[in-house]
Amino acid sequence: MGSAATESNDTLLGNGVVGILAETCNMWERRAPLTPSHCARLLLGGGRNRTRVNRIIVQPSTKRIHHDAQYEDAGCEISEDLSECGLIIGIKQPKLQMILPDRAYTFFSHTHKAQKENMPLLDKILEERVSLFDYELIVGDDGKRSLAFGKFAGRAGLIDFLHGLGQRYLSLGYSTPFLSLGQSHMYPSLAAAKAAVISVGEEIATFGLPSGICPIVFVFTGVGNGNCTVNIFPFVDFYNRSGMWFHLKNFTPHIYSFNVTVSQGAQEIFKLLPHTFVDAEKLPVISAARNLSKQSQSTKRVFQLYGCVVTSRDMVSHRDPTRHFDKADYYAHPEQYTPVFHERIAPYASVIALSHTVLFALADVSTLIKYSIRSYLTTIYEANVMRLCKLYVLGEECLVVLVRVMVLTNYGIHNRRYDPSNNSYRDDMEGDGVICLAVDILPTEFSKEASQHFGDILSKFVASLASVKQLVELPSYLRRACIAHAGKLTSLYEYIPRMRKTMIDLAPAKANPLPDKKYSTLVSLSGHLFDKFLINEALDIIEAAGGSFCLVRCEVGQSTDDMSYSELEVGADDTATLDELVDSLTSLANAHGGDHDAGKETELALKIGKVNECETGDNIDKGGPKVLILGAGRVCRPAAEFLASYANICSYGVDDHNTDEIHVIVASLYQKDAEEIVDGIKNTTATQLDVADIGSLSDLVSQVEIVVSLLPTSFHAAVARVCIELKKHMVTASYVDESMSNLGQAAKDAGVTILCEMGLDPGIDHLMSMKMIDEAHARKGKIKSFTSFCGGLPSPAAANNPLAYKFSWNPAGALRSGKNPAVYKFLGETIHVGGSSLYESAKRLRLPELPAFALEHLPNRNSLMYGDLYGISKEASTIYRATLRYEGKHLHTFCFSEIMVTLSKIGFFDSANHPLLQDTNRPTYKFFLDELLNVNNISTTTANMKIEASGGYEDELIARLLNLGHCQEKEIAVKTVKTIKFLGLYEETQIPKECSSAFDVICQRMEQRMAYDCNEQDMVLLHHEVEVEYPDGRPTEKHQATLLEFGKVEKGRSTTAMALTVGVPAAIGALLLLQNKVQTKGVIRPLEAEIYIPGECYVDHGLSLWNCKYCVLMELQLHATVLTRVFACVKHWRSWSRQASS
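Predicted, not measured: the structure shown is a model, and the values here were computed from it.

Caption draft 1: Just the overall build of the protein chain, in detail. From N to C terminus, the protein chain includes 35 helices and 46 strands. Burial status across the protein chain gives 61% buried among its 1142 residues. Here the analysis covers contacts within the protein chain between residues at least 6 apart in sequence; of these, 73% occur between residues at least 24 apart. For the protein chain, the accessible area works out to roughly 43,100 Å², and carbon and sulfur atoms hold 50% of it.

Caption draft 2: Structural detail: the sheet that holds strand E4 (residues 87-92). Here eight strands make up an open sheet; going across it, the order is E3-E2-E1-E4-E5-E6-E20-E21 and the pairing mixed. The sheet is open, and its two edges are formed by strand E3 (77-78) and strand E21 (488-489), each paired on a single side. Across two bridges, the pairing between strand E2 (residues 55-58) and E3 is parallel. Its bridge partner lying in E3, Ile57 is registered against Glu77. Helix-sheet contacts for helix H14 (residues 447-467) involve strand E1 (17-20), E4, strand E5 (104-108) and strand E6 (131-134), and the interaxial angle to E4 is about 155°.

Caption draft 3: Fine view of the packing of aromatic side chains. Tallied over the full model, the rule gives 21 aromatic pairs. For the pair Phe461 and Tyr477, a centre-to-centre distance of 5.5 Å together with 55° between the ring planes defines the contact as tilted. A residue pair is termed long-range when its members are at least 10 positions apart, and Phe461 in helix H14 and Tyr477 in helix H15 (residues 476-479) qualify at 16 residues. Phe461 sits in the buried class, given a relative accessible area of 8%. When the ring of Tyr493 is compared with that of Tyr495, the centres are 6.2 Å apart and the planes differ by 45°; the resulting orientation is tilted. Tyr493 gets classed as buried once you look at its relative accessible area, which sits at 0%. Over the ring of Tyr953 we find Lys926, and its NZ or CZ is 4.3 Å from the ring centre. Looking at Arg1005, its charged tip hangs above the ring of Tyr925, at a distance of 4.2 Å from the centre.

Caption draft 4: Quick peek at the sheet that holds strand E28 (residues 663-668). On the basis of which strands lie adjacent, the open sheet formed by seven strands has the order E29-E28-E27-E30-E31-E32-E43 and parallel pairing. At either end of the open sheet lies a strand with only one pairing partner, and these are strand E29 (684-688) and strand E43 (1082-1084). Strand-to-strand twist in this sheet, taken as the mean axis angle between neighbours without regard to direction, amounts to 20°. Summarising the sheet, E28 and E29 pair through five bridges and their orientation is parallel. Within E29, the residue paired with Ser668 across the bridge is Gln688. Contacts from helix H22 (residues 694-701) reach strand E27 (626-630), E28, E29 and strand E30 (706-709), with the element oriented near 150° to E27. The strands that helix H23 (residues 716-726) touches are E27, E30, strand E31 (729-732) and strand E32 (753-755); relative to E31, the one it contacts most, it runs at about 160°.

Caption draft 5: A look at the pairing of E28. Burial of E28 is extensive: six of the six residues sit out of reach of the surface. Judged by which residues are buried, E28 turns out to be covered on both faces: His663, Ile665 and Ala667 on one side and Val664, Val666 and Ser668 on the other are all buried. Two strands pair when backbone bridges link them, and E27 and E28 are joined in this way by five bridges, in the parallel orientation. Residue Ile629 lies in a different strand from E28, and its bridge partner there is Val666. In terms of handedness, the path from E28 via helix H21 (residues 671-678) over to E29 forms a crossover that is right-handed.

Caption draft 6: Looking closely at the environment of Phe220. Relative to the helices and strands, Phe220 is located in strand E8 (residues 217-220). Overall, Phe220 belongs to the buried group, its relative accessible area being 0%. Along the primary structure Phe220 and Val351 are separated by 131 residues, whereas in three dimensions their C-alpha atoms are 8.4 Å apart.

Caption draft 7: Quick peek at the nonpolar core. Judged by nonpolar contacts, the single largest core of 118 residues is most densely connected at Ile56, Tyr135, Leu162, Phe178, Ile216, Phe218 and Ile496. For this core, the element with the most residues is helix H5 (residues 150-171), which contributes nine residues. The residues contacting Ile56, other than those within four sequence positions of it, are Val18, Ile20, Cys39, Leu42, Leu43, Cys76 and Glu77.

Caption draft 8: Quick peek at the pairing of strand E35 (residues 829-833). Here strand E34 (residues 822-826) runs beside E35; their pairing, made up of five bridges, is antiparallel. The residue bridging Ala822 from the neighbouring strand is Val833, located in E35.

Caption draft 9: Seen up close, the pattern of salt bridges. The final tally for this structure, using the stated rule, is 24 salt bridges. Between Lys194 and Glu268 there is a salt bridge, and its shortest N-O distance comes to 2.5 Å. Taken together, the residues Lys194 in helix H6 (residues 190-207) and Glu268 in helix H7 (residues 260-270) connect sequence positions 74 residues apart. According to the relative accessible area criterion, Lys194 is partly exposed, its value standing at 23%. Judged by relative accessible area, Glu268 falls into the partly exposed class, the value being 23%. For the salt bridge of Arg881 with Asp765, the shortest nitrogen-to-oxygen distance reads 2.9 Å. With Arg881 in strand E38 (residues 878-886) and Asp765 in helix H26 (residues 764-778), this residue pair connects regions lying 116 residues apart in the sequence. Taken individually, Arg881 and Asp765 each receive the classification buried, so the pair is uniform in this respect. The network of salt bridges with shared partners includes Arg55, Glu77 and Glu84.

Caption draft 10: Up close: the state of the cysteines. Applying the stated criterion to the full structure yields zero disulfides. Cys39 supplies the cysteine sulfur nearest to Cys76, a cysteine that is in no disulfide, at a spacing of 3.9 Å. Using a relative accessible area of 7% as the deciding quantity, one classes Cys76 as buried.

Caption draft 11: Spotlight on helix H32 (residues 970-983). For H32, which comprises 14 residues, the first-to-last C-alpha distance of 20 Å matches the rise-based estimate of 20 Å (1.5 Å per residue) to within 8%. When we look at burial in H32, the residues that qualify are Ile972, Ala973, Lys975, Thr976, Val977, Thr979, Ile980 and Leu983. Of the residues trailing H32, Gly984 is marked for its positive phi of about 75°.

Caption draft 12: Broad picture of the confidence of the model for the protein chain. On average, residues of the protein chain score 76 in pLDDT, and 73% of them reach the 70 mark or higher. The low-confidence segment residues 1-10 (pLDDT under 50) makes nine contacts with residues lying over four places distant or belonging to another chain. The low-confidence segment residues 935-950 (pLDDT under 50) makes 17 contacts with residues lying over four places distant or belonging to another chain.

Caption draft 13: Here's a closer look at unusual backbone geometry. Along the chain, Cys214 connects to Pro215 via a cis peptide bond; the corresponding omega equals 0°. Secondary-structure assignment places Pro215 in the loop between strand E7 (209-210) and E8. Here the bond from Asp761 into Pro762 is cis, since omega is 15°, no more than 30 degrees from zero. Tracing the backbone shows Pro762 in the loop between E32 and H26.

Caption draft 14: Up close: a negative patch on the surface. A surface patch of like charges, here negative, comprises Asp574, Asp579, Glu580 and Asp583. The topology assignment puts Asp583 in helix H18 (residues 575-591).

Caption draft 15: View of the packing of helix H30 (residues 925-933) against helix H31 (residues 953-963). Packing of H30 against H31 leaves a shortest axis separation of 11 Å and a crossing angle of 25°. As judged from the angle between their axes, H30 and H31 are roughly parallel. Where H30 crosses over H31, the handedness of that crossing is left-handed. Across the interface between the two elements, Lys926, Leu929, Asp930 and Leu933 from H30 touch Tyr953, Leu957, Arg960 and Leu961 from H31. Taken together, the residues of the contact of H30 with H31 sort by class into five nonpolar, no polar and three charged.

Caption draft 16: Seen up close, the side chain of Thr444. Topologically, Thr444 is positioned in the loop between strand E19 (434-436) and H14. Note on Thr444: relative accessible area 0%, which makes it buried. One polar contact links the side chain of Thr444 to the main-chain carbonyl oxygen of Trp28, over a distance of 3.1 Å. At 3.3 Å, the side chain of Thr444 and the side chain of Glu29 are in polar contact.

Cut-offs used in this document
Residues numbered from 1 in each chain as written. Predicted model: local features only at pLDDT ≥ 70, side-chain atom pairs only at ≥ 80, totals over all residues. Heavy atoms only, no water. Helix = DSSP H or I, 4+ residues; strand = E, 2+ residues; numbered from the N terminus. Buried < 20%, exposed > 50% of the residue type's maximum accessible area, 1.4 Å probe, protein only. Contact = heavy atoms within 4.5 Å. Areas by Shrake-Rupley, 256 points an atom, 1.4 Å probe, with all protein chains shown as cover. Pairing = 2+ DSSP bridges. Axes fitted to C-alpha atoms, helices over the stretch in contact; angles between N-to-C directions. Phe/Tyr/Trp six-rings, centres within 6.5 Å; stacked < 30°, edge-to-face > 60°. Lys NZ or Arg CZ within 6 Å of the ring centre and 35° of its normal. Right-handed = clockwise from strand over helix to strand, strands pointing away. Core = buried A, V, L, I, M, F, W, Y, C linked by side-chain atoms within 4.5 Å. Salt bridge = Lys/Arg side-chain N within 4 Å of Asp/Glu carboxyl O. Disulfide = S-S within 2.5 Å. Expected span 1.5 Å × (residues − 1). pLDDT = per-residue confidence, 0-100. Patch = residues over 30% accessible without salt bridge, like charges linked within 9 Å, V, L, I, M, F, W, Y side chains within 5 Å. Lys, Arg positive; Asp, Glu negative; His and termini not counted. Charge placed at Lys NZ, Arg CZ, Asp CG, Glu CD. Parallel < 35°, antiparallel > 145°, perpendicular 65-115°, else oblique. Left-handed = near helix turned anticlockwise from the far one by under 90°. Nonpolar A, V, L, I, M, F, W, Y, C, P; charged D, E, K, R; others polar. Polar contact = N/O pair within 3.5 Å; in protein donor to acceptor, adjacent residues only side chain to side chain.

Written out as structure tokens, the structure is:
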């Protein structure tokens, strides 16, 4: 029969022989597309009609929920060989080598969206002339998917969540009935699992829950009737049965997401527990119990849970307060809506079950993500609910949690704890952090019931698929589900190779993605692009008009209820063709635009970006304003990225069109360095320049409008003189020194602005300070106290050495700063700190908004001058600026300042040439350390020592440090010796000849041992506190402003937080000068409202900055994709709060 069956392809397709695959994609996959009972019914039908199902061959499997013997009893054949089957069915995709030619296959292929990871499968399908039917694409006349496991995912997900919730509460000191609940796969059936949930519910109803964790509020973001909801996490293209939960009570999120059918399953389980559903408007009322004191709640029990189903109207609101929420209008114009989920829902929720429906047509979706997530986490944290566990809101870390959780797809480990303080995942429930769950095959936990449900529907289609030889003979709903047939894609899916061919990375491409077209524009399409195949019509229009396209981004809805979103870079040879093409696309969108009054849904929405004249080369002579960036250090790239992306920012939400697309020129002493800076950034040019060559410098400056000097400080004055001569504005991030200050009058006379101190510190600190101070003065207040803390630190995960500190550059500069004297004012008294005692003056700092950080601060040079700069010298009794370091006690590290004091006393900060290091015969590190401590003079006995050495070299060092008075406490001596050991300062290795002083030695060791690894992040933390008093008797106010930024490593390219926080503000300064928003001439600092008010719009684009306690909260993230036209947008979001104290 085998040979006969292979003589002709026609004898296989439609031959009535069905094969069932053994699932191989995941060890937990136990589902079957057909149960033995389904097979028996199909075979009985085939017996009466030989044109239907004649045979069913089942590949053997020892893990399938139904045993091979059960299939044999139903009349099936058990065999690894499926070569005689014309139709082969499974759940998940088979291994490529298992695909046989000239057959029909049916499974979840995940290929119709042109998913990159599954394109080898599609290639294999086409190569083997396979007819591929995808379950996702079998859609009924009502537009809904016929085959899905949704409710089973919801049922399993909620049970698994309750299981983890019980463990988490126990780790927090609370015993709850949830602890007795097992994971879904531990029960023999869904009925048994439900019975266990009911038992838990009975115990809650009888004995109650501890008041300390109540009320427990479950929020479901799915209305449960098939309508899709808005989603605040649309950046994940996850499989349809993926799951994500948030458990927010006590700041311990447990994460799981679902779509609407999953929501129905989750709510089905939730309703087995004693509960009350409430409207979103009632959440503040039922959550009021959280404000009760612990004493009043100590013995009280709560006997129910609360549920709340929220929809789009609860998550966003129209920017115009006079307009009510309209779902159709929101989908058509999402940019006119702002997120309110963090205000209306999240502060009152214990558990948030999130829909993973893809949010379509949202140009500023990345902003919405960041605002919504961080805002509601911050809001909940600040709500002071019940601090059983700390929630760390560390810059981007809340997003990292979500992104990284999505890859945890093995439900063998359901719940994991993410600890942002050290950027690690743990399999335990104890400790601070976020409890996470992410599983993409939840339905397989109820394999028996899920298989029965799936087979009940699939069996209705199998007979047709098994018996029909020609595609045209199939019903229309099955024809639409066929992606490939006879070695070709079917007409509905011909867009796939076009999408594959034009896909580009989200990172900005250096070259024009449409090199053959002179003009291009960004076209954003949203709606039913794939399920109703409108993407085909759109692409046909583009190509028929002679245009070309490049796919920039694609977000595909997970069901026919969901919208999809695509962005295309569309090009044409001339503007007339491009206009015609856009008109045709607009007509298509209008034809499918829907009618809200008539109840007709919008099927297609269109947004057209700015028309650009494409670049033909990397020459400097291009239209639009030009900015010259001098330098090739780390800070240059963020500056170049920001400026080059400005036109796209403007296109997506910034209400400012005074500046056209900016062309950025990066000049460095070495051409290669400049090319590395601009690599992958559009609208940039790299060039070689020696700034010492004034002629070449002048020639280049004459071609641009603005110069940004990111060179070492010593070069700024020479560059400034050229700019003044040529009447070009200039920006630097450096302090105004004497050489720059002397150029002030010449700059004024020339009508030139030299904007200095436009970096981090100085820079952003000026913007934050003056905004807070001026606002206080505007309210007739006086500044009572001004304190500012700033530090460049390793991220908590990278603070993994004894000093909890690392260097991304030569340590010499940082170490020298530790010897600078300082002066500040405290409670009216002027305090002077000598350079030799700077580290000894360190004090602890704790920020309630950032409880993860154990910090210490050192006075930073002359704080008094800032009283003069900010105009508060006469009114402020405290003016203090400080440098931040980790204190270390909560990071398993040592106290930074105490150890540095000891190293200084030993002599390691002495920069004078040391006699031992002048000889060609180099000493070892150990010998040199012994010399510094004069260890050789120690008596062979320890009788005369105050502290006796108990044995070993380390003990001798500890004893010596104590006896010499370098350390007052043994604990500090122990920590110092361990630091010395970590740095290798008593290794028997020769000191390199480059070291001529003790200072050189410590710098060399620190540079080697305390450098960042390639995947480690740095961190910048800037915190201001201002106390305002009022002469009219109003209460004293305390204002705070905090910036927290983390370095990023994306696509193999690292960007430090320090580079971001210095480079982006410098670029903002250039942008403000280009827009003529800075009218003051001369050498200036960013202290005036003309800079900090418009500047805040753009500071947000790169940094994570928030002001609280009656100050403006500003946030906006800088992704590695900051230059893409997809998410390059600027948004403002203000959240006001006030805390008064007497």
